Amino acid sequence: MEIPPSTLPDNRFSALITDLLPICRSITGSGVTRTLERLQQEIPILIREVPSGAPALDWTVPNEWNIRDAWVKNSRGERVIDFKKSNLHVVSYSTPVNATMTLDELKPHLFSLPAQPTAIPYRTSYYNESWGFCLSHEDLLKLEIGNYEVVIDSELKPGFLRYGELLIKGEVEEEILITTHLCHPTMCNDNLSGLTVATLLAKMIAESSPHFSYRFLFIPGTIGSLAWLAANEDHLGKIKCGLVLTGVGDPGSPTYKKSRRADSVIDRVMEYVLKSGSPKFEIRNFSPFGYDERQFCSPAFDLPVGCLMRTPHGEYPEYHTSLDNPDFIKLESLQDTLRICLRCFELLENNRFYLNLFPKGEPQLGKRGLYQAMGQQTKDRQSLQLAMLWVLNYSDGGHDLLDISLKSSLPFDIVTAAAKLLEECKVIRPIPSAHAM
Ligand code: ZN
């Protein structure tokens, strides 16, 4: 795989974010379809449909929710809360309403954040039929005593859950899974950042010739991964490892949450990539809360799937509010996340297991032309020589190149270069990872 340069013109991110930002997404409904159709202009994703009522492991696919408009009007006929101004104003999955009520009757259905008086909160009620409006605390305090016209022009009826799936075929069927959620309306870090990085990654990988196959999922949170896992249980053995991408555009430094296995190849690769390329980063252990890694890492699946983010969810004040807007995310953070992912895939692609064909004593390298071959490499010659000894000693089928790099504290690229030279001179041979692991 030829890894393309990770720096993309900023407008590649901006154009996608600008187009996706106004769409009212939820776990189902036309907002999801419109989002997927926009992504299809970039990459050939398939739109999968699962009907309402279908089982998804222990869950059931809910009815499809669509909304046309919603408002609260005061007695002067002014829209004091207007869905057209921000789709965060309506609690996602609100049932239809058309009523006149007093402020006291309306108040139990109004949600604000007194500690962040200018922010509109983001709320959902997917599995409990109700309705509500979200507004800034400042605006809530301005509401006068009186009668209000309350309208939510929504529809909740049997339909479909939709998600996007793209398989980029590599030389082998073994797959790297990249997933991101697409169910949040009008917020940037959570999760237009994940959607755009995943889309641009897919585009770049599709233009290369990868060794592994890459499967991208654009799914509604929780129910989407459950539905996909339910439909693909027989397929899970092909997944080498995976990454959930979420909250990857805020100004914070990268955070990697390990898979439940903690020492799987993706955990080791991500640790290496962050340690060797990011001045500041955090690595956290798996926990059974967060994003779709909860489903992929549930005990019966226990897939080697970690989660790449920047500031973890709930640890920044803009989280799940209208303050998670285009001003909050940084193009440098999106670029940096893209770089980390590409470097991670590059390592995965080059991380092989080898077998030393002369394991009794050290093979005589001189007579095999190894020093001559190495002579062309003027840079890092000493490290390369050292790396050859490490590769020879640990190419026993039980250690991959990343292990050897970590054991020797030699850069992965040097260890890879040493292995290539040894392979050319027929001192070691690659063995399939499926057998070695
Ligand atoms: Zn969220």
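Residues numbered from 1 in each chain as written. Predicted model: local features only at pLDDT ≥ 70, side-chain atom pairs only at ≥ 80, totals over all residues. Heavy atoms only, no water.

Colleague: How would you sum up the coordination of the zinc ion? Please name residues and give values.
Modeller: Those protein atoms acting as donors to the zinc ion are H184 (NE2), D190 (OD) and H320 (NE2), and they sit at 2.0 Å. For the zinc ion, all donor residues lie on one chain, and their spacing in sequence is H-x5-D-x129-H. (Donors = N, O, S within 2.8 Å, 3.2 Å for Na, K, Ca; no water.)

Colleague: So what's going on with the domain arrangement of the protein chain? Residues and values would help.
Modeller: A common way to state how big an interface is: give the accessible area lost once the parts meet. By domain assignment, the protein chain separates into domain 1 (5-62 + 160-349), domain 2 (64-157) and domain 3 (353-435). Distance between the C-alpha centres of domain 1 and domain 3: 35 Å. At the interface, eight residues of domain 1 touch nine residues of domain 3. When domain 1 packs against domain 3, the two sides together hide about 680 Å² of surface, and 52% of this comes from carbon and sulfur. (Domains from an automatic or database assignment. Contact = heavy atoms within 4.5 Å. Buried area = accessible area lost by both parts, 1.4 Å probe.)

Colleague: Can you lay out the packing of aromatic side chains for me, pointing to particular residues and giving the numbers?
Modeller: Geometry of an aromatic ring pair is reported as the spacing of the ring centres plus the angle between the planes. Counted by the stated rule, this structure contains eleven aromatic pairs. On the basis of an interplanar angle of 85 degrees and a centroid distance of 5.4 Å, the ring pair of Y93 and Y126 is categorised as edge-to-face. Here Y126 lies in the loop between β7 (110-111) and β8 (133-134) and Y93 lies in the loop between β5 (79-82) and β6 (97-102), a separation of 33 residues in the sequence. Each member of the pair, Y93 as well as Y126, carries the same accessibility label: buried. (Phe/Tyr/Trp six-rings, centres within 6.5 Å; stacked < 30°, edge-to-face > 60°. Helix = DSSP H or I, 4+ residues; strand = E, 2+ residues; numbered from the N terminus. Buried < 20%, exposed > 50% of the residue type's maximum accessible area, 1.4 Å probe, protein only.)

Colleague: Quick rundown of the nonpolar core? Include the residues and the values.
Modeller: By size, the foremost hydrophobic cluster in this structure holds 79 residues, and its most contacted members are F216 and F345. Sorting elements by how many residues they give to this core places helix α5 (residues 188-206) first, with ten residues. Among the domains, domain 1 (5-62 + 160-349) and domain 3 (353-435) are the pair contributing at least three residues each to this core. With near-sequence residues (within four places) excluded, F345 lies in contact with I176, I178, L201, I205, Y214 and L243. Counting residues in each nonpolar core, the second largest holds 55 residues, with A54, I120, Y148 and L177 among its members. (Core = buried A, V, L, I, M, F, W, Y, C linked by side-chain atoms within 4.5 Å.)

Colleague: How would you explain the pattern of salt bridges if you had to name every residue and give the values?
Modeller: Enumeration over the complete set of coordinates arrives at 29 salt bridges. Between K257 and E293 there is a salt bridge, with the nearest N and O atoms lying 2.8 Å from each other. One end of the pair, K257, is in strand β14 (residues 255-257); the other, E293, is in helix α8 (residues 293-296), with 36 residues separating them in the sequence. Overall, E293 belongs to the buried group, its relative accessible area being 1%. In this structure, E346 and R343 form a salt bridge, with 3.1 Å as the shortest nitrogen-oxygen distance. Pair noted here: E346 and R343 are both in helix α9 (residues 331-350), with a separation of three residues, about one helical turn. (Salt bridge = Lys/Arg side-chain N within 4 Å of Asp/Glu carboxyl O.)

Colleague: Please provide a residue-by-residue account of the pairing of strand β17 (residues 353-356), values included.
Modeller: In this structure, β17 lies alongside strand β18 (residues 396-400), joined through two bridges in antiparallel fashion. What sits directly across from F353, in β18, is D400. Bridging between β17 and strand β19 (residues 428-431) involves four bridges; their strand directions are antiparallel. Bridging across to β19, L355 finds its partner in R429. (Pairing = 2+ DSSP bridges.)

Colleague: Any details on α5? Residues and values, ideally.
Modeller: The terminal C-alpha atoms of α5 lie 25 Å apart, and with 19 residues this matches the ideal 27 Å at 1.5 Å per residue to within 8%. Of all 19 residues making up α5, 18 are buried, and the element is well covered by its neighbours. (Expected span 1.5 Å × (residues − 1).)

Colleague: Can you explain the side chain of H89? Please cite residues and give values.
Modeller: For H89, the location among the structural elements is in the loop between β5 and β6. Those residues within four positions of H89 in sequence are excluded, and the remaining contacts are I81, D82, F83, I120, G132, F133, C134 and L135.

Colleague: Which residues make up the sheet that holds β17, and what are the values?
Modeller: As a general point, the strands of a sheet are linked pairwise by backbone hydrogen bonds and lie either parallel or antiparallel. Read across the sheet, three strands follow the order β18-β17-β19 without closing on themselves; strand pairing throughout is antiparallel. This sheet does not close on itself; its edge strands, each paired only once, are β18 and β19. Each strand axis lies, on average, 35 degrees off the axis of its neighbour in the sheet, ignoring direction. Of the strands in this sheet, β17 and β18 touch helix α12 (residues 401-408), which is tilted by about 70 degrees from β18. (Axes fitted to C-alpha atoms, helices over the stretch in contact; angles between N-to-C directions.)

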